[in-house]
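# Structural description and commentary
Residue-level listing of the chains:
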Amino acid sequence: MKRAIIKGVLLGVVFAVALMILSTVMNQGNTDMTTEMGEATYPVLSMSLGTHRVGCLHGYAQPMDCAYLRDNLYPVSENRRINMRMETYGSKIGEIAFEVRSLDGERLVESTPVTDYEEKDDVIDFEIILKDLIENNTEYMLVFLVTPKESVPIRYYSRIILSDSLHILEKLDYVTDFHERTFDREAAAELTKYLESNAEGDNTTFHKVTIHSSFNQVTWGDLGVKEASKPVVTIKELTEQTGSFTVEYLASVRDGKKIEYYRVNEYYRVRYTPDRMYLLDFERTMEQVFDEEAEVYVNDKIVLGITGDQVTLRESDGGNVFAFTVADKLYSYNVTDNRLARLFSFYGNTEGLADARSSYNRHDVRVLSVDETGNILFLVYGYMNRGRHEGGVGVVIYAYNSVTNTVEEMAYIPYNRSYELLKTDIDKLSYMSRMGIYYFMLNGSVYAVDVRSVSVQTLVTGLKEGSYHVSESNKMLVWQEGDDVYAAKDLILMNLNTQTQTRIPAGSGEYISVVGFMDEDLIYGLARKRDVRENRTGITTFPMYCLKIQSDDGSVLKTYRKEGVYVVDSEITENQLTLSRVVYDEENDSYTPTADDQIMNTEAVKTGSNSLHSVVTETYETIYQIAVKDEIDSKTLVHLTPKEVLFEGSRSVRELETGAVEKRFYVYGKDGIEGIYVNPGKAVELAYRKAGVVVDDDGDYVWRRETRSVRNQIMAITEDEATETKSSLAVCLDTILKFEGISRNTQLQLNRGDTVFDILEKDLPNDTILDLSGCSLDAVLYYVNKDIPVLATLADGNAVLITGFNELNIVVMDPVAGTLEKRGMNDSTEWLLENGNQFIAYIRKE
């Protein structure tokens, strides 16, 4: 008996030892095949202006399409000197050079090596002097090429403008002084004269503080905030009087013995006058850096702290596993196993926050899928701070394996434009099917990447604004076939999960148009060909006599039709579809607006097992927390930090095929890209509301919010009169072309059916013709201020030219009256609004 017991014990010991050895071997093998993410290696550049250091330029591994890189602007004085600083972080530099290019990068103005520099304590200070080859008040792209020893050039980009009349030092002094005063309540009393505290300000949260917030909110309440890093001041936009700036830094708050960290971004828009500075806009956002090792687990809650709606949460079907993103970090929590894994972060937990390279936040993380076993597919897209793709911009598809606790790169999609532009496309469509096919949109094309073979297929190209829609889950995609948005004969509806395509044809004598989705149900409209109207300015009215709602299985759930009433526009908000409608006016052969209508979605909104909630606290005000389906035992909680799986070769997707891309207009404001439009009028209207700028695909300004002259008039344009054989529209067009040095009889072209856009695009081929319908008179006076006449078409078919303005009046050339006269600003604003604010202008291109 004793021998049997001894034998059993020995066998148990042997088994245990064997298990330990096997485990060690397996773990050793796993260690050999995994690694930590590579540390950041690129230097960082900054510039100086007087006593101010501005900008923080991060390096790119590949040449970029610089027309879309608008992060930084540097004003160059008349001596054309720029003082630079490079923080090398220990990297040994072999060569430094710089180029000056046109904004679109196509034209090389200057290429010069930098030979005079010295390195001390991992810092290189040097000065460059630009050649006398750039024009005043014109923006260019400055490109630095920094080549570490035994490596390839790293590129750094910044816009520059040669001017001594931008009052940049005064503006920088004001911005930095305002920033510093917010940390000292006594000194901050001076700021009250700049604030516009009113009911528009939300004084219940520190996450977002604006010019309308209270003095208490602007000065951090009772948080006791301190700066934890040196602020980075970046110049975004500059005109002679106005300027836009951002200030980014790390802040800290002491809570007992622990220190909490926050990422803070401040936006300023200011106006300079010789007498004083004016604060036109101010907005500050702060986001707590989630520390998973702190005391953030309370009963069934994970406390995220001060943050906003940028926190995302996605759970498995049963809710036992969920993933969430906060401050550019991705976590997963397994409720059953009580395990929390930090799946991705360029700066780690908090240890990398002090490194400007690791903490650079020009990227996003998006969860694609979560299963009940804890496996997670996710994207990291934007600028890559470190690791295998350091200095690249693109999309990385990752897979987290919960059994091996590893993260593996499945595919990398490189991109040569800005993170902001990439984000707008990824936000439109980004979906992983059950079959491992990743669908995404770039530049008007939809691509499908098979992550198993890293092969790519082009699904559809040349998608135009308004010709496609994606469901909220991104599972359903629909697009119109054909080049003309208003003359489509078929829709293609695709279920990206099953790859099933359904063709939806229009009826005989009809066109079909996409309206949108409610959940996964498609909404589309039908219009009779005979009802579609295009006026002489080229603006199309597309009256839909019937709307249909169709499920993903092809069945029609609802048909909307009202006799004699047509739908011309719509808006989907949550569970309601609002329809803008018109009726046909037979006497005038036109459509007139009638009351809106609504279609409600009665299906209940599904809620998950784990959810994000906000709560109000005394000191921190509004904070966010995750309500977990079961209570969290913080004492037994297992913290995991996965390693990356090593692999040989490359998993980069080959260069994507692109189709013809329509001309687009980009609206930039305090939140980066505010919108992208094919219709310039929509872009200008948004920029006007957001106090932003509009640029085209070459990076040239189309419109910007700036202080215009007190008065201006195009004196070369005089009165002219319409006749029986020459319409007022033809007179206006002839006047515009004559002003541009072209002699034409445009009445002949109008008689044969050419539109205003046909005529102007043919005769001004190098200029960009702008349909500014829907913009306000105040907005379009920007062009008159630039000595560009604005054509206004009227409801009765006539047209006038706006050729000047002062504080109280505009100058109108009216061919019907045969006059060039002043008309009151307020009366003209109302008159043009009653006529639909139908404006056409243009910008001159080199």
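Bear in mind the structure is a predicted one, so any value in this text is a computation, not a measurement.

Of the regular secondary structure elements, the protein chain holds ten helices and 59 strands. The principal-axis extents of the C-alpha atoms in the protein chain amount to approximately 125 × 70 × 55 Å. Of all 846 residues assigned to the protein chain, the portion counted as buried reaches 53%. A separation of at least 24 residues holds for 56% of the contacts in the protein chain among residues at least 6 apart in sequence. Of the roughly 39,300 Å² that the protein chain leaves accessible, carbon and sulfur atoms contribute 46%. One way to put it: in the protein chain the 87 positive side-chain charges average out to a point 3 Å from where the 133 negative ones average out.

Right, let's talk about the side chain of Ser513 for a bit. Along the polypeptide, Ser513 turns up in strand 36 (residues 510-518). Overall, Ser513 belongs to the buried group, its relative accessible area being 11%. Apart from residues lying up to four places away in sequence, Ser513 is in contact with Gln480, Tyr524, Gly525, Phe542 and Met544.

The subject of this paragraph is the sheet that holds strand 26 (residues 393-401). Taken together, six strands build an open sheet; the order of strands is 1-48-27-26-25-24 and the sheet is mixed. Both outer strands of the open sheet, strand 1 (34-35) and strand 24 (363-370), are each paired with one neighbouring strand and no more. Bridge count between strand 26 and strand 27 (residues 406-415): nine bridges; the pairing is antiparallel. In the strand pairing of strand 27, Tyr398 is matched with Glu409. Helix 4 (residues 419-428) contacts strand 24, strand 25 (376-383), strand 26 and strand 27 of the sheet and is inclined by roughly 145° relative to strand 25.

Our focus in this paragraph is the confidence of the model for the protein chain. Per-residue pLDDT for the protein chain averages 92, and the proportion of residues at 70 or more is 96%. Here residues 1-32 is modelled with pLDDT under 50, and outside its nearest four sequence neighbours on either side it reaches three contacts, counting other chains as well.

Before going further, it helps to spend a moment on the pattern of salt bridges. Counted by the stated rule, this structure contains 48 salt bridges. Note that Arg651 and Glu408 form a salt bridge whose closest N and O atoms lie 2.9 Å from each other. Pair noted here: Arg651 is in the loop between strand 48 (643-645) and strand 49 (665-669) and Glu408 is in strand 27, with a separation of 243 residues, a long-range link. Asp450 serves as the salt-bridge partner of Arg452, at 3.0 Å between the closest nitrogen and oxygen. You can call Arg452 exposed: its relative accessible area is 62%. One continuous salt-bridge network, built from bridges that share partners, spans Arg70, Glu139, Arg159 and Glu237.

This paragraph deals with unusual backbone geometry. Even without glycine at this site, Tyr89 takes up a positive phi of about 55°. You can see Tyr89 is positioned in the loop between strand 5 (81-87) and strand 6 (93-101). Despite not being glycine, Asp121 has its phi angle at roughly 55°, a positive value. Mapped onto the elements, Asp121 comes out in the loop between strand 8 (118-120) and strand 9 (123-129). Its relative accessible area of 68% is what places Asp121 among the exposed residues.

The next thing to look at is helix 5 (residues 680-690). Looking only at helix 5, the buried set comprises Pro680, Gly681, Ala683, Val684, Leu686 and Ala687. Contacts from the buried residues of helix 5 go to strand 49, strand 50 (672-677), strand 51 (693-695), strand 52 (701-704), strand 54 (768-771) and helix 9 (777-785). Of the residues flanking the end of helix 5, it is Ala691, one or two places downstream, whose phi is positive at about 55°.

We now examine the packing of helix 6 (residues 728-739) against helix 8 (residues 756-763). Contact geometry of helix 6 with helix 8 gives a least axis separation of 11 Å together with a crossing angle of 15°. Comparing the axis directions of helix 6 and helix 8 gives the class roughly parallel. Every pair of crossing elements has a handedness; the one defined by helix 6 and helix 8 is right-handed. Between helix 6 and helix 8, the contacting residues are Leu729, Leu733, Ile736 and Leu737 on the first element and Val756, Ile759, Leu760 and Asp763 on the second. A per-class count over the contact of helix 6 with helix 8 returns seven nonpolar, no polar and one charged.

The rules we used
Sequence order as written defines the numbering, with residues in each chain counted from 1. The model is predicted, so local features are restricted to residues of pLDDT at least 70 and side-chain atom pairs to those at 80 or more, both for listing and for counting; the totals for chains, interfaces and linings are taken over all residues. Hydrogens and waters are ignored; side-chain quantities use all the structure's heavy atoms. Labels follow the DSSP assignment, with helices taken as runs of H or I lasting at least four residues and strands as runs of E lasting at least two, numbered in each case from the N terminus. Partly exposed describes any residue whose relative accessible area lies between the buried limit of under 20% and the exposed limit of over 50%, with all areas from a 1.4 Å probe on protein chains only and scaled to the type maximum. Whether two residues are in contact is decided by their heavy atoms: any pair within 4.5 Å suffices. Each accessible area value is a Shrake-Rupley result obtained with a 1.4 Å probe; residue values ignore everything except the protein chains displayed when judging cover. In this tally, Lys and Arg are treated as positive and Asp and Glu as negative; His is ignored, and so are the chain termini. All charge positions are set by atom: Lys at NZ, Arg at CZ, Asp at CG, Glu at CD. Strands are labelled as partners when DSSP assigns at least two bridges between them. To get an axis, fit a line to the C-alpha atoms, keeping to the stretch in contact for a helix; angles then go from 0 to 180 degrees between the N-to-C directions. Confidence of the predictor at the level of single residues is given by pLDDT, which spans 0 to 100. We define a salt bridge as a side-chain nitrogen of Lys or Arg found within 4 Å of a carboxyl oxygen belonging to Asp or Glu. For classification purposes, angles smaller than 35 degrees are called roughly parallel, those larger than 145 roughly antiparallel, those between 65 and 115 roughly perpendicular, and all remaining angles oblique. Crossing handedness: left-handed means the near helix sits turned counterclockwise from the far one by under a right angle, and right-handed means the same turn made clockwise. Note on residue categories: nonpolar means Ala, Val, Leu, Ile, Met, Phe, Trp, Tyr, Cys or Pro, charged means Asp, Glu, Lys or Arg, and polar means any other residue, Gly included.

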